[in-house]
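Structural features, examined
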Amino acid sequence: MKCRKCPQKAVINMRQHKLALCAVHFPQWMVEQTQRFIQKYRMFTPEERVLVAVSGGKDSLSLWDILWQLGYQVDGVYISLGIDGGFGYSQKSQALCEKFAAQRGLKLIVVSASDQVGLTIPELAAVTQRGKDKPCSVCGLTKRHILDRVALEGKYDALATGHNLDDEVAVLFGNTLNWNVGYLSRQSPVLPARHPGLVRKVKPLCRFYEREMAAYALVRGIEYIYEECPHAEGSTTIYYKTLLNQLEADRPGAKLSFYLAFLRAKEKGLFAQFFPEEEGLGAGGEVLHTCPNCGGPTTLEGLCAFCRMVDKVHEMGKQT
Ligand code: AMP
Ligand code: FES
Ligand code: ZN
Ligand code: ZN
């Protein structure tokens, strides 16, 4: 198959767009499209400073590469979680982020979860109730807290993550199955900061399929970690992704149209009653209080979930 724009061989055929492109025109198209999405959803401007959360995976490193090519003021942040999985997952991904930044002369901030909390994520999961057999919930809580704090301390205007269309559609599907209107109302390419302890969150890759991201990383020669987090295995998200891949195989474009129709419905105000525009309100319209310890938001008065977890760890440390 030939490229739509030149006589070269196409490296990817995007059936949902009826578009095949070569190794030169495909990455160009990805960069142009990202710029379009940034403007369409009013994510950030060239005058603003953006912090990209990089995990060492293909999506977040490609996002950093795209924003860098577009000339945005963009630094990276990597959170070292202390996950090994028998193959040095955290160490390997950190090394790849550092190499990526060094090759382009970009600034990477590295924060270690164990420096912040005193324990690695698997240790934290083992000592708190929350973790049960999987550390994913404590990991998510810790990552969100650290990312907000680093972005606020560095006075960044927006925090960008590498969530792609497949990620967003899996979340959308899960929230729709449960009719979780609070989460549905909050799911968006751009989430304004609704509390002084939060920063604007943006997802510039939310309209790209995972296979497009993989192809982009490949043609750009970006070295990334192929392995998923060892704890992701057997997760509900992966199950939903498998189901949705089956749907996409039968009906090309199904994921994209599901997501875009959801965004259009939201624009028309479908979930507006559950997520009023006012600052200081969380999803569901509940009042956001301020954590007396870290200044972050919390729906219950008193310490936020992260500070409560850290307190608990300290209490347990005193007892032993
Ligand atoms: P995940 O929740 O693992 O699918 O990751 C979603 C997004 O969160 C990634 O695309 C990154 O932008 C960000 N992220 C995940 N892990 C890390 C990490 N260890 N450090 C910084 N950002 C991360
Ligand atoms: Fe946090 Fe897997 S990345 S538990
Ligand atoms: Zn071409
Ligand atoms: Zn707190």
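Scope of this entry: the structure provided in the associated data block.

Definitions and limits used
- Within any chain, residue numbers begin from 1 and follow the written order of that chain's sequence.
- Think of it this way: whatever chain is written first is A, whatever ligand is written first is 1, and the rest follow in order.
- Since the coordinates come from a predicted model, pLDDT governs what is reported: local features require at least 70, and pairs of side-chain atoms require 80 or more to be given and counted, while whole-chain, interface and lining totals use all residues.
- Excluding hydrogens and water, the side-chain figures rest on all heavy atoms present in the structure.
- Counted as donors are N, O and S atoms no farther than 2.8 Å from the metal, or 3.2 Å for Na, K and Ca; water is not among the atoms, and sites may therefore look incomplete.
- Geometry is assigned from donor-metal-donor angles: four donors are tetrahedral when every angle falls between 85 and 135 degrees, four are square planar and six octahedral when opposite donors sit over 155 degrees apart with all other angles between 65 and 115, and any other arrangement is irregular.
- Counting from the N terminus, the helices are DSSP H or I runs at least four residues long and the strands are E runs at least two residues long.
- How far a helix is expected to stretch is found by multiplying one less than its residue total by 1.5 Å.
- Here the term buried applies to any residue with accessible area under 20% of the maximum for its type, exposed to any over 50%, and partly exposed to those in between, with areas from a 1.4 Å probe on protein chains only.
- The arc refers to the directions leading from the helix axis to the C-beta atoms.
- Here, residues are in contact when the closest pair of their heavy atoms is within 4.5 Å.
- All axes here are fitted lines through C-alpha atoms, helices being fitted over the stretch that makes contact, and every angle between N-to-C directions spans 0 to 180 degrees.
- Here the angle decides the label: under 35 degrees means roughly parallel, over 145 means roughly antiparallel, 65 to 115 means roughly perpendicular, and every other value means oblique.
- Note on convention: near helix rotated counterclockwise from far helix by under a right angle means a left-handed crossing. Clockwise means right-handed.
- By convention in this text, a residue qualifies as near a molecule or strand provided that one of its non-hydrogen atoms is within 4 Å of it.
- Distance and chemistry together define a polar contact, namely a pair of N or O atoms within 3.5 Å, with one atom able to donate a hydrogen and the other to accept it when in protein, and with adjacent residues in sequence counting only for side-chain atoms on both sides.
- The accessible surface values rely on the Shrake-Rupley method and a 1.4 Å probe; as for residues, cover is taken only from the protein chains in view.
- Basically, the charged four are Asp, Glu, Lys and Arg, the nonpolar ten are Ala, Val, Leu, Ile, Met, Phe, Trp, Tyr, Cys and Pro, and anything else, Gly included, counts as polar.
- Salt bridge, as used here: a side-chain nitrogen of Lys or Arg that lies within 4 Å of a carboxyl oxygen of Asp or Glu.
- Each Phe, Tyr or Trp ring, with Trp reduced to its six-membered ring, pairs with another whose centre is within 6.5 Å; inter-plane angles below 30 degrees give stacked pairs, above 60 give edge-to-face pairs, and intermediate values give tilted ones.

For the zinc ion (ligand 3), the full set of protein donor atoms is Cys3 (SG), Cys6 (SG), Cys22 (SG) and His25 (ND1), at a range of 2.1 to 2.4 Å. For the zinc ion (ligand 3), the four donor atoms in the first shell make angles of 101 to 114° at the metal, so the coordination geometry reads as tetrahedral.

Moving on: the coordination of the zinc ion (ligand 4). Within the protein, Cys291 (SG), Cys294 (SG), Cys304 (SG) and Cys307 (SG) serve as the donor atoms for the zinc ion (ligand 4), at 2.2 to 2.4 Å. The coordination sphere of the zinc ion (ligand 4) comprises four donor atoms, whose angles at the metal cover 106 to 113°; the geometry is tetrahedral. Of note, the donors binding the zinc ion (ligand 4) are all from one chain and are spaced C-x2-C-x9-C-x2-C.

For helix α10 (residues 236-250), spanning 15 residues, the distance from its first C-alpha to its last is 22 Å, which sits close to the expected 21 Å at 1.5 Å a residue. Within the span of α10, buried status applies to Tyr240, Leu244 and Glu248. Around the axis of α10, the buried residues are gathered within 80° of arc, so they sit on the same side. Away from its buried face by more than 90 degrees, α10 exposes Tyr239, Gln246, Ala249 and Asp250. Residues of α10 that are buried sit in contact with α7 (165-177) and α11 (254-267).

What follows is about the packing of helix α2 (residues 58-69) against helix α3 (residues 89-104). With their axes 11 Å apart at the nearest point, α2 and α3 run at an angle of 15° to one another. What the angle tells us is that α2 and α3 run roughly parallel. Crossing angle aside, the handedness with which α2 passes α3 is right-handed. Residue-level contacts link Leu61, Trp64, Asp65 and Trp68 of α2 to Cys97, Phe100, Ala101 and Arg104 of α3.

The next point concerns the environment of Lys18. Looking at where Lys18 falls in the secondary structure, it is placed in the loop between β1 (12-14) and β2 (19-21). Among the residues examined, Lys18 registers a relative accessible area of 68% and is labelled exposed. Remark: the alpha-carbon pair of Lys18 and Phe262, spanning 244 residues in sequence, is separated by 22 Å.

An α-helix turns once per 3.6 residues; consequently, residues spaced three or four apart project the same way. In this model, helix α6 (residues 136-153) (18 residues) spans 25 Å end to end at C-alpha, consistent with the 26 Å of a helix rising 1.5 Å per residue. Along α6, the residues that are buried comprise Val138, Cys139, Gly140, Leu141, Thr142, His145, Ile146, Leu147, Asp148, Val150 and Ala151. Taken from the residues just after α6, Lys155 is the one with a positive phi, measuring 55°.

So, about the site of ligand 1. In the vicinity of ligand 1, the residues found are Ala53, Val54, Ser55, Ser60, Val77, Tyr78, Ile79, Leu81, Lys143, Thr161, Gly162 and His163. Here Gly162 contributes a backbone N or O atom positioned 3.0 Å from an oxygen atom of ligand 1. Relative to its free-state accessible area of 480 Å², ligand 1 is covered by the protein chains to the extent of 73%. Looking at the shell around ligand 1 element by element, the count peaks at three residues for strand β4 (residues 73-80). Of the residues belonging to the shell around ligand 1, the class tally is six nonpolar, five polar and one charged.

All chains considered together, the criterion is met by 12 salt bridges. Notably, a salt bridge pairs Arg104 with Asp65, separated by 3.2 Å at the nearest N-O pair. In this pair, Arg104 is assigned in helix α3 and Asp65 in helix α2, connecting sequence segments 39 residues apart. Residue Arg104 is classed as buried on the basis of its relative accessible area, which comes to 16%. Between Glu168 and Lys203 there is a salt bridge, with the nearest N and O atoms lying 3.1 Å from each other. In this pair, Glu168 is assigned in helix α7 and Lys203 in the loop between β8 (200-202) and α9 (210-219), connecting sequence segments 35 residues apart. Across the pair, exposure class does not vary: Glu168 and Lys203 are buried alike. Here the salt bridges do not stand alone but share partners, grouping Lys58, Asp59 and Glu210 into one network.

Further remarks concern unusual backbone geometry. Look at Lys18: it is not a glycine, yet its phi comes out positive at around 50°. A positive phi angle is found at Arg42, which is not glycine, with a value near 50°. Relative to the helices and strands, Arg42 resides in the loop between α1 (25-40) and β3 (49-53).

This part is about the packing of α7 against α11. Relative to each other, α7 and α11 sit at 65°, their axes nearing to 10 Å. Where α7 crosses over α11, the two elements pack in a sense that is left-handed. Along the contact surface, α7 presents Leu165, Asp166, Glu168, Val169, Leu172, Phe173 and Thr176, while α11 presents Lys255, Leu256, Phe258, Tyr259 and Phe262. Counted by class, the contact of α7 with α11 contains eight nonpolar, one polar and three charged residues.

Right, let's talk about the packing of aromatic side chains for a bit. Per the stated rule, a full pass over the model turns up 10 aromatic pairs. Between Trp64 and Phe100 the ring centres are 5.3 Å apart and the planes differ by 25°, which places this aromatic pair in the stacked class. On the criterion of sequence distance, the pair formed by Trp64 in helix α2 and Phe100 in helix α3 is long-range, its members being 36 residues apart. The pair Trp64 / Phe100 is uniform in exposure class, with both members buried. Between the aromatic rings of Phe262 and Phe271, the centroid separation amounts to 6.1 Å while the plane-to-plane angle is 50°, which identifies the pairing as tilted.

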